[in-house]
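Coordinates in review
Chain by chain, the residues run as shown.
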Amino acid sequence: MASPKNDLDELANMISAAIEKARQLNMHTSAYILSMALAEVSKAAKAAPNKPNGGKTD
């Protein structure tokens, strides 16, 4: 099972790729909005536990 941090890191990578594609297509507003989303996801990834189930133990 993936950890929240791993999931957020994967999402950040996907957003980064989308930002690059938006820039290639000269979609500056889209790149800006995606950059803001990336900032939020990166912040969440730093705060997320690196264990499955949010760090909870059964």
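Anything mentioned here points back to the structure above.
Below or above, wherever it landed, is the structure these notes cover. Keep in mind that this is a model prediction, so the values were computed, not measured.

Looking now at helix α2 (residues 28-47). Since the α-helix advances by 3.6 residues per turn, residues separated by three or four positions end up pointing in the same direction. Spanning 20 residues, α2 covers 29 Å between terminal C-alpha atoms, matching the ideal 28 Å at 1.5 Å per step. Buried within α2 are the following residues: A31, L38, V41 and A45. Looking straight down α2, one finds that the buried residues subtend no more than 85 degrees of arc, so they occupy a single side. For α2, exposure combined with an orientation more than 90 degrees from the buried face picks out T29, Y32, I33, E40, K43 and A47. Contacts made by the buried residues of α2 are with α1 (4-24).

What the rule picks out here adds up to 1 salt bridge. When the shortest N-O distance is used, the salt bridge between K5 and D9 registers 3.2 Å. Residue K5 and its partner D9 are both found in helix α1; the two are separated by 4 residues, about one turn of the helix. Relative accessible area serves as the criterion here: at 30%, D9 is assigned to the partly exposed category.

It is worth spelling out the environment of A22 at this point. Position of A22 relative to the elements: it lies in helix α1. Among the residues examined, A22 registers a relative accessible area of 6% and is labelled buried. Considered as a pair, A22 and Y32 are 10 residues apart in the sequence and their alpha carbons are 9.2 Å apart. Apart from residues lying up to four places away in sequence, A22 is in contact with M27, S30, A31 and L34.

Calculation notes
- Residues numbered from 1 in each chain as written.
- Predicted model: local features only at pLDDT ≥ 70, side-chain atom pairs only at ≥ 80, totals over all residues.
- Heavy atoms only, no water.
- Helix = DSSP H or I, 4+ residues; strand = E, 2+ residues; numbered from the N terminus.
- Expected span 1.5 Å × (residues − 1).
- Buried < 20%, exposed > 50% of the residue type's maximum accessible area, 1.4 Å probe, protein only.
- Arc of directions from axis to C-beta.
- Contact = heavy atoms within 4.5 Å.
- Salt bridge = Lys/Arg side-chain N within 4 Å of Asp/Glu carboxyl O.

Shape descriptors only; they carry no functional weight alone.
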